[in-house]
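# Topology and contacts: notes
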Amino acid sequence: QVQLEESGGGLVQAGGSLRLSCVASGRTFSSYSMGWFRQAPGKEREFVAAITLSAGITNYANAVTGRFTISRDNAKNTVYLQMNSLEREETAIYYCAQTEVMSRGHLAYNDWGQGTQGTVSS
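The model shown is predicted, which means the values in this text are computed figures rather than measured ones. The residue count restarts for each chain, going from 1 along the sequence in the order it is written. Totals for whole chains, interfaces and linings use all residues, but because this is a predicted model, local features are given only for residues with pLDDT of at least 70 and pairs of side-chain atoms are given and counted only at 80 or more. The side-chain quantities take in all heavy atoms of the structure and omit both hydrogens and water.

### Thoughts on the overall build of the protein
- Helix numbering and strand numbering both begin at the N terminus, where a helix is a DSSP run of H or I of at least 4 residues and a strand a DSSP run of E of at least 2. Along its length, the protein carries zero helices and eleven strands.
- Ordered by position from the N terminus, the helices and strands of the protein form the series β-β-β-β-β-β-β-β-β-β-β.
- Along the first, second and third principal axes, the C-alpha set of the protein runs to 40 × 25 × 25 Å.
- Between buried and exposed lies partly exposed: a residue is buried under 20% and exposed over 50% of the maximum accessible area for its type, with that area taken using a 1.4 Å probe on protein chains only. When each of the 122 residues of the protein is scored for burial, the buried share is 43%.
- Taking as baseline every contact in the protein between residues at least 6 positions apart, the subset at least 24 positions apart corresponds to 55%.
- The protein chains shown are the only cover counted for residues, whose accessible areas, like all others here, come from Shrake-Rupley with a 1.4 Å probe. Surface exposure of the protein reaches about 6,400 Å², of which carbon and sulfur atoms provide 46%.
- Charged residues are defined here as Lys and Arg on the positive side and Asp and Glu on the negative side; His and the ends of the chain fall outside this count. We put the charge of a Lys on NZ, of an Arg on CZ, of an Asp on CG and of a Glu on CD. The centroid of the 10 positive side-chain charges in the protein is displaced by 3 Å from the centroid of its 10 negative side-chain charges. The contact definition used throughout considers only heavy atoms, calling two residues in contact when any of these lie within 4.5 Å.

Set out below in structure tokens:
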């Protein structure tokens, strides 16, 4: 069982940036993948981005491609999400999670952090 903790959320103006971090402690395997999801009030949890811990292969939701960048520093057991050109509609709680198989579906992920709030004002 791995413990995940997100940080880096906050309040930003539309068009601004946030850099989220997810630190993993405990059991983390190089064959696993890490993903970022977000959930706005009254909306379904949606996939944002994912990355394999071994080769660093990435996958992005269409809504964020070109603006967001997911990366990992395996020596620090940390995954990052750089979010640029943020829009009002992207206000949400952002979660990181771990899966044995890379996926865009939340049911594939076994371990989750508690989330960090990102708020975009206009």
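### Notes on the pairing of strand β11 (residues 116-121)
- Side chains T116, G118 and V120 project from β11 onto a buried face, and the interleaved Q117, T119 and S121 project onto a face without burial.
- Only strands joined by at least two bridges in the DSSP assignment are considered to pair. By the bridge criterion, four bridges tie strand β2 (residues 10-13) to β11 in an arrangement that is parallel. When the bridges of β11 are listed, V12 appears paired with V120.
- As defined by bridge partners, strand β9 (residues 92-99) adjoins β11 across three bridges and the pair is classed as antiparallel. Within the sheet, the bridge partner assigned to I93 lies in β11 and is Q117.

### A word on the pairing of strand β7 (residues 68-73)
- One ladder, built from six bridges, connects β7 with strand β8 (residues 78-83); its direction is antiparallel. Among the inter-strand pairings, S71 is bridged to a residue of β8, identified as Y80.

### Examining the side chain of T91
- For T91, the position within the fold is in the loop between β8 and β9.
- We classify T91 as buried; its relative accessible area is 14%.
- Pairs of N or O atoms within 3.5 Å make up the polar contacts considered here, provided that, within protein, one atom can donate a hydrogen while the other can accept it, and that residues adjacent in sequence are counted only when both atoms are side-chain atoms. Of note is the side chain of T91, whose polar atom sits 3.2 Å from the backbone oxygen of R88.
- Not counting residues within four places of it along the chain, the set of residues in contact with T91 comprises A40, Q117, G118, T119 and V120.

### Describing the state of the cysteines
- Criterion for a disulfide: a pair of cysteine sulfur atoms within 2.5 Å. Under the criterion given, the structure shown has one disulfide.
- Bridging C22 to C96, the disulfide has an S-S length of 1.9 Å. Here the disulfide of C22 and C96 is right-handed, its torsion about the S-S bond being about 55°. Of this pair, C22 sits in strand β3 (residues 18-26) while C96 sits in strand β9, placing them 74 residues apart in sequence. Each member of the pair, C22 together with C96, is buried.

### Comments concerning the side chain of S21
- Here S21 lies in strand β3.
- S21 gets classed as buried once you look at its relative accessible area, which sits at 14%.
- If we skip the residues at most four places from it in the chain, S21 touches E5, E6, S7, W36, T78, V79 and Y80.

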